[in-house]
Amino acid sequence: MLIYKEQRLPGVVHLALDTWTSPNTHSYMGVVAVFLDPKDAATGATDNSGVLKYPIKTIILDFIKLSKSHTGEYLAEKLLACLKSFGIDLKVCVHVYSR
């Protein structure tokens, strides 16, 4: 996975999540990380007020097969396990969940 370098990010990581069930009744949760990468500041542009705009990075962290009912507790357990596996469980600021 590509997250190896993101474990050293000096900031926070925002998440986008989605769960769904396929036509053959398999359930999944997708987890995407979104963050600003200050290391790319040299390639970033400035807006009209001179504020540096860092490039926004997105990475698919995981595509988790779900085996239980989609309760909040179960989804939180699966999400936390995913974040811990990448060492970013303490860097999460916001997540968006669409059902």
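Just so we're clear, the structure is a prediction, and the values are computed from it rather than from any experiment.

We now examine the packing of aromatic side chains. Taken as a whole, this structure holds 3 aromatic pairs when the rule is applied. Aromatic side chains Trp-20 and Tyr-28 sit 6.3 Å apart centroid to centroid with 35° between the ring planes, which places their arrangement in the tilted category. Accessibility expressed as a relative area gives 34% for Trp-20, which makes it partly exposed. Ring centres of Trp-20 and Phe-63 lie 5.4 Å apart, and the angle between their planes is 45°; on these two criteria the pair is classed as tilted. Of the two residues, Trp-20 sits in strand E1 (residues 13–21) while Phe-63 sits in strand E5 (residues 56–66), which places them 43 residues apart along the sequence. Through successive ring pairs, a cluster of aromatic residues spans Trp-20, Tyr-28 and Phe-63.

What follows is about unusual backbone geometry. Phi is positive for Thr-25, close to 65°, though the residue is something other than glycine. Of note, Thr-25 is situated in the loop between E1 and strand E2 (27–36). What makes Thr-25 exposed here is its relative accessible area of 63%.

Let's shift gears to the nonpolar core. Formed by 18 residues in total, the largest nonpolar core has its most connected members in Leu-15, Met-29, Val-31, Leu-61 and Leu-79. Counting residues per element, the ones that place at least two in this core are E1, E2, E5 and helix H1 (72–85). Per-element tally for this core: the top contributor is H1, with 5 residues. In this view, Val-31 contacts Leu-15, Ala-16, Leu-17, Ile-59, Ile-60, Leu-61, Asp-62, Ile-64, Leu-79 and Cys-82; residues no more than four positions away in its chain are not counted.

Within an α-helix, residues lying three or four positions from one another point in the same direction, as the helix has 3.6 residues per turn. For H1, built from 14 residues, the straight-helix expectation of 20 Å at 1.5 Å per residue is met to within 8% by its first-to-last C-alpha distance of 20 Å. Every buried residue of H1 is listed here: Tyr-74, Leu-75, Leu-79, Cys-82 and Leu-83. The buried residues of H1 occupy an angular sector of 165° when projected down its axis, which confines them to one face. Counted as exposed and oriented over 90 degrees from the buried face of H1: Glu-73 and Ser-85. Phi for Gly-87, located one or two positions after H1, is positive at around 70°.

Our focus in this paragraph is the pairing of E1. Here E1 pairs with E2 via 8 bridges, running antiparallel. Bridge pairing in E2 places Thr-19 opposite Met-29. Hairpin geometry of E1 and E2 is characterised by an intervening segment of 5 residues between the two adjacent antiparallel strands and by a positive phi of about 65° at Thr-25.

Cut-offs applied
- Residue indices follow the written sequence of each chain, beginning from 1 at its first position.
- Residues qualify for local features only when their pLDDT is at least 70, as the model is predicted, and side-chain atom pairs are given and counted only at 80 or more; totals for whole chains, interfaces and linings, by contrast, use all residues.
- Excluded from the side-chain calculation are hydrogens and water; included are all heavy atoms of the structure.
- Put simply, two rings from Phe, Tyr or Trp (the six-membered ring, in Trp's case) pair if the centres are within 6.5 Å, and we call them stacked under 30 degrees between planes, edge-to-face over 60, tilted for the rest.
- Any residue under 20% of the maximum accessible area for its type is buried, any over 50% is exposed, and the rest in between are partly exposed; the area is computed with a 1.4 Å probe on protein chains only.
- Runs of E in the DSSP output that reach at least two residues are strands. Runs of H or I that reach at least four are helices, and both are numbered from the N terminus.
- The set of buried Ala, Val, Leu, Ile, Met, Phe, Trp, Tyr and Cys residues whose side-chain atoms join them within 4.5 Å is what this entry labels a nonpolar core.
- Should any heavy atoms of two residues lie within 4.5 Å, those residues are counted as being in contact.
- The span you would expect from a helix comes to 1.5 Å times its residue count less one.
- Here the arc refers to the set of directions running from the helix axis out to each C-beta atom.
- At least two bridges found by DSSP between two strands are what make those strands a pair.

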